[in-house]
Each structure stands twice: as structure tokens, then as C-alpha cells.
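Each chain is listed here by its residues.
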Amino acid sequence: MWRNRNFLILMFGLAVSSTGLWVGIIGNLEFLQKNVESSFLQALIILAGFLVGIFLAPMAGRIIDRSNKRKILIYAGFARCAAIFFMYLAIAYNNVWWMVVYTLVIGISGTFSQPAMQTMLPLIVKKEELLDANGVNMNIFTASRIVGTALGGVMLVGMSLFAVYTVTLVSYVILLISTFFLNVEEKPKETDKTGRKENFFRTLGELYPIVKKQPKVVYGIFLLIPAYLFLSGFNLMVIEISDFQDNPGIKGILYTTEGVCVFIGTFLSKKFFRDNPKLSYMFAITFIIATAHTSLYLADHPVMSVLSFGLFGLAAGTLFPVVTTIFQTDVPSEYHGRFFSIKGMVDNIIFQVLMLLTGLFLDTIGFFNMVIGFGITSFIIASVILLQYVAKGNRNKRGPVAVTK
């Protein structure tokens, strides 16, 4: 895997661009804190880019399945670079609406680039190396988040927001240039000559019978929901914890702790789940995520807030590479583009709803009631899925045994 030129290029581009992305996210939070008081409105603006993904995902999936992934990444890279100039306008005119345009363009880029990258990975590494590759992918993104948030925080102390977003722009340009050096062999795909318009329901109708036959994929999708409950409000919760602890430095500590624990989690996933990613272990990890969310009720104590974020990072670092590998191996490769695009679209919808709820609850019932409510919800979701899984297993044991000839 480490001798694979395409893999190294892809990971290098991911490392640089992800670092710039998180520098930009710190800039986003700073810009919103200066211009928008309500947590709910902050969430609305952050989520503006996800709205595009809802409408474009079915079309994006079809295009990815039938087009050259490298070209898609290049076009998405150009759009990502262009988006930064809208953020320059937002800063220059102190206008939130330009930031909305920026997030929309970034959202369009992500709708194509993220599924294309996930679809490309199985093309450039061997099947038995996919779990390692997904672990490396997550580790790089986590390391970039640690470096990017730290760098963004340092830059905001003595530099302008223009400088912050210039770093982000440079990172996107480096990713775009590195994409030109990718050389991935792809089998030509048949074009759709029916002229039928792509839409969510048609694409979902094609995927449903395929996914239904893969129980690991189905359970994997639902097991990610408790993690999304935590992740959707991650930035808003960090801001809130920093406010009521009256400690701006806790932001960096929480990001770093969670990131380091993600590294440990990915190591555990490679060590214990390489050959047989058992669903029973995945359920246990999901309950750990629910525990981490509930324990944030004690987040007014610095040590407890760090422990909660660390526990979540450990569980998430184990869960996500394994579930992603299940998706890449159990879903037929000719459906990867559509599957990851629709999954990305559904993820966006979930994130939108949950982030809006996070902002709304922070403005109304407060942080502590919110984390208890979300934590209990995570326990309920994980318990219902586990009971269904056990019941299905019991039915299969009681069923007739097939006679082999």
C-alpha cells in the first residue's frame, strides 16, 4: 500500500487540503461569532452548503459511476478554489450572505469530490488493504484537523481573516495540482441512453434491493446515527464549553484530545477487525459513543469534558474505518458512486437536522439538558437496533436448515 504511487498522491492531497479546510473552519467560526449572535442562526449558515447536496447527490452518483473519477476530482478542486474568493468578499464587506454563497459552492464541490474519492480508493488499493487504507485516510484527516485548528487559532491571534482563508486557498491549490498526477485505470462505463432524469427516488429504487441483501451494510448505516448525533454539534458544543468554562484554550485541548484518541481507535480497528468486523463489537462501540455524549453533562469540569471527547474519539476512530470498509467491500463496485452519493446526501440531511436542533436547544433548553437528551436518544437507537439484530439472529436459528447435496 505504501508503495502505491496513486495512494500516496491521494493521501498527500487529502492531508494538505484537510489542514486548510480546518483552518478555514476556524475562520468560519470566528466570522460567525463576530457577525451572528444566535447559535441557531450560526447552525443555519454552516448548513447552507449541505442543502445543495440533497438535490445534486443522485445526479452526482450517476456521474461518478459512469465518468472518470480523476476528472471529477479536478473539476471539484477548481470549484473549491473559486469558493474562497466569495469568502474574501464576505470579509471585505462584512456580509454574511457572501459566506452563504461560499458554503454553497463548497457544498457543490463536496457533493462530487467526497463520493468520488471513496469510490476511487478500492480502485487503487487491494481489497485486503482497504481497512488499512481507510484507517490511514481517517488518521490523516484527524491529524489535519489537529494541525489545522491549532494553526487557525494561532493565526487568528495576530493575523487577519484574509490571511486565514489564504492558507486554505493555498492548500486547495496544492490538492488540485496533485490530482493531475493521479493515474488510475478505470473500465469504461456504459452511458445511459434512456434519457431518464436522475432523481432521489429512482436512484434509491436501484440501490434498495442491492443494499437489502447485505445485512452488514444495513446495520452499519444505522449504527452511525449515534456518532452523527455527537458530530453534528461538535463545533457548537466546543464553543459552548469554552464559554461556560471561561477558557478559550479548552477549544484546542478538546480538538487535540479527540484527535489523538481517533488515532488510537483506528489502530484498534486494524488490530481487531481486519479479518472479521463483527457487528456485535460495532454495537458495543456505539454504546460507548452514547456514554461519551451523556457524560458531557459534567462538561463544566475541564477534566470531564476532555474525557468525554477522548472517549468519543476512541470509539469513532474504531467505528468509521470498519463501517466504511464494509460499505466498500459488500456493496458491488458498479454501484459505489450512487451508494456513496446517496449516503452522503442522507448524511447531509441528518447533519442539517441535528445541527439545527443543537443550535435550537442551546438557545432554549441549554447545553446540559441537550446533551442528556441526545445521550439518551443514542442509547435508545443503539438498543433498538441491537434488539432487532438479536431477534433476527434467533429467527434464523429457529428456521429450517438447508439440505446440501
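Because the structure is predicted, anything quoted here is derived from the model rather than measured. (Residues numbered from 1 in each chain as written. Predicted model: local features only at pLDDT ≥ 70, side-chain atom pairs only at ≥ 80, totals over all residues. Heavy atoms only, no water.)

Undergrad: Mind showing me how you'd approach the nonpolar core here?
TA: Most often, soluble globular proteins have nonpolar side chains that are buried together. With 58 residues, the main nonpolar core has Ile241, Leu296, Phe309, Phe339 and Phe367 as its most contacted residues. With ten residues, the single largest contributor to this core is helix α14 (residues 302–330). The contact partners of isoleucine 241, leaving out residues within four places of it in the chain, are Ile250, Leu254, Leu296, Ala299, Ser305, Phe309 and Phe367. Counting residues in hydrophobic clusters, the runner-up holds 23 residues, among them Val36, Ala48, Val100 and Val105. (Core = buried A, V, L, I, M, F, W, Y, C linked by side-chain atoms within 4.5 Å. Buried < 20%, exposed > 50% of the residue type's maximum accessible area, 1.4 Å probe, protein only. Helix = DSSP H or I, 4+ residues; strand = E, 2+ residues; numbered from the N terminus. Contact = heavy atoms within 4.5 Å.)

Undergrad: Looking at this model, I keep getting lost on the packing of helix α1 (residues 5–35) against helix α7 (residues 161–179). Mind explaining?
TA: A packed helix pair is summarised by two numbers, namely the angle formed by the two axes and the spacing between the axes. Orientation of α1 relative to α7, taken along the N-to-C sense of each, is 160 degrees, at an axis distance of 8 Å. When the axes of α1 and α7 are compared, the pair comes out roughly antiparallel. In the packing of α1 onto α7, the handedness of the crossing is left-handed. The class makeup of the residues in the contact of α1 with α7 is 14 nonpolar, nine polar and one charged. (Axes fitted to C-alpha atoms, helices over the stretch in contact; angles between N-to-C directions. Parallel < 35°, antiparallel > 145°, perpendicular 65-115°, else oblique. Left-handed = near helix turned anticlockwise from the far one by under 90°. Nonpolar A, V, L, I, M, F, W, Y, C, P; charged D, E, K, R; others polar.)

Undergrad: What is the right way to look at the environment of leucine 89 in this model?
TA: Structurally, leucine 89 can be placed in helix α4 (residues 69–93). Owing to a relative accessible area of 29%, leucine 89 belongs among the partly exposed residues under this scheme. Expressed as a C-alpha distance, the spacing of leucine 89 and phenylalanine 162, which sit 73 residues apart in the sequence, is 9.8 Å. The contacts of leucine 89, once residues within four sequence positions are left out, are Asn94 and Trp98.

Undergrad: Even after reading the chapter, I still don't get a nonpolar patch on the surface, so can you show me in this structure?
TA: Together, Tyr75, Phe78, Val173, Ile177, Phe180 and Phe181 make up a nonpolar patch on the protein surface, roughly 630 Å² of accessible area in all. Those elements giving two or more residues to the nonpolar patch turn out to be α4 and α7. Assignment of secondary structure puts phenylalanine 181 in the loop between α7 and α8 (200–212). (Patch = residues over 30% accessible without salt bridge, like charges linked within 9 Å, V, L, I, M, F, W, Y side chains within 5 Å. Areas by Shrake-Rupley, 256 points an atom, 1.4 Å probe, with all protein chains shown as cover. Salt bridge = Lys/Arg side-chain N within 4 Å of Asp/Glu carboxyl O.)

Undergrad: Got a minute to help me understand the packing of helix α11 (residues 234–245) against α14 in this structure?
TA: Interhelical geometry of α11 versus α14 gives an angle of 170 degrees and a closest axis separation of 11 Å. Accordingly, the angle class assigned to the pair α11 and α14 is roughly antiparallel. Contacts between α11 and α14 pair Phe234, Val238, Ile241 and Gln245 from the former with Pro302, Ser305 and Phe309 from the latter.

Undergrad: Any chance you could explain the confidence of the model for the protein here in plain terms?
TA: Residues shown with low pLDDT carry predicted positions that ought not to be read at fine detail. Model confidence for the protein is summarised by a mean pLDDT of 79, while 86% of its residues fall at 70 or above. The secondary structure element of the protein with the lowest average pLDDT is α8, at 70, and the one with the highest is α4, at 89. Note on residues 401–405: pLDDT is under 50 here. Beyond four places in sequence and across chains, it has zero contacts. (pLDDT = per-residue confidence, 0-100.)

Undergrad: Teacher, can you tell me more about the packing of aromatic side chains here?
TA: Aromatic ring pairs are defined here through the distance separating the ring centres and the angle between the ring planes. All told, the structure shown has 16 aromatic pairs when counted by the stated rule. Seen from their ring centres, phenylalanine 234 and phenylalanine 309 are 5.1 Å apart, and the 85 degrees between their planes marks the pair as edge-to-face. With a gap of 75 residues between them, phenylalanine 234 in helix α11 and phenylalanine 309 in helix α14 connect regions that are remote in the sequence. Given the relative accessible area of 4%, phenylalanine 234 is considered buried. Assessed through its relative accessible area of 0%, phenylalanine 309 is described here as buried. Relative to phenylalanine 368, the ring of tyrosine 297 lies with its centre 5.9 Å away and its plane at 80 degrees, an arrangement referred to as edge-to-face. (Phe/Tyr/Trp six-rings, centres within 6.5 Å; stacked < 30°, edge-to-face > 60°.)

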